[in-house]
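# Observations on the three-dimensional arrangement
The residues making up each chain are set out below.
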Amino acid sequence: MRISDQEFAALRQALQGEHFRRACLFGSRTDDSRRGGDIDLLLFSDAPPFPVAHRVASRYARLMDARLDVLVIVPDRPTPEQQAFLATLTLEALDDRL
């Protein structure tokens, strides 16, 4: 997984106060052979998805002056579209580092 210690520290701060069951990285940052790319974060949370995604992405942007794409899925009620999308992803769990 390609994410720096500084990016992890900013993620930790951006996620403070948010309640989520699981946090995962997905997208190009899960492939060590690739370069660049924004950070794609998937949160499994029972909280309303849009406000959580907005708060986390906004905090991260203020801390790092960089974009963080945040997708929030209600763990027990993913839509059929979300289920199909999840089936295409390679996820790297972040829980142990946050």
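The structure presented is a predicted model; accordingly, all values stated were derived computationally and were not measured. Counting from 1, residues in each chain are numbered in the order their sequence is written. Where totals are concerned, whole chains, interfaces and linings use all residues; where local detail is concerned, this predicted model gives features only for residues with pLDDT of at least 70, and gives and counts side-chain atom pairs only at 80 or more. Excluded from the side-chain calculations are hydrogens and water; all other atoms, namely the structure's heavy atoms, are used.

## Examining the sheet that holds strand 3 (residues 68–73)
For two strands to be treated as a pair, DSSP must find at least two bridges joining them. For helices the rule is a DSSP run of H or I covering at least 4 residues; for strands it is a run of E covering at least 2, with both sets numbered from the N terminus onward. A sheet is described by the order of its strands in space; here 4 strands give the open sequence 3-2-1-4, paired in mixed fashion. Each of the sheet's edge strands pairs with one partner strand only, and the pair in question is strand 3 and strand 4 (92–93). Of the strand pairs in this sheet, strand 1 (residues 22–26) and strand 4 are connected by 2 bridges, and their pairing is antiparallel. By the bridge assignment for strand 4, Leu25 is matched with Glu92. It only takes one pair of heavy atoms within 4.5 Å for two residues to be counted as in contact. Axes here refer to lines fitted to C-alpha atoms; in helices the fit is confined to the stretch in contact. Angles between the N-to-C directions go from 0 to 180 degrees. Running at roughly 155 degrees to strand 3, helix 2 (residues 49–64) makes contact with strand 2 (39–44) and strand 3 of the sheet.

## Overview of the side chain of Ser45
Along the chain, Ser45 turns up in the loop between strand 2 and helix 2. Throughout, exposure labels follow a simple rule: accessible area from a 1.4 Å probe, protein chains only, divided by the maximum for the residue type, with under 20% read as buried, over 50% as exposed, and the rest as partly exposed. Here Ser45 falls in the buried class, since its relative accessible area comes to 1%. A polar contact of 2.7 Å, which involves the side chain of Ser45, links it to the backbone oxygen of His19. Here a polar contact is recorded for every N or O atom pair within 3.5 Å, except that within protein the pair must consist of a potential hydrogen donor and a potential acceptor, and residues adjacent in sequence are included only if both atoms are side-chain atoms.

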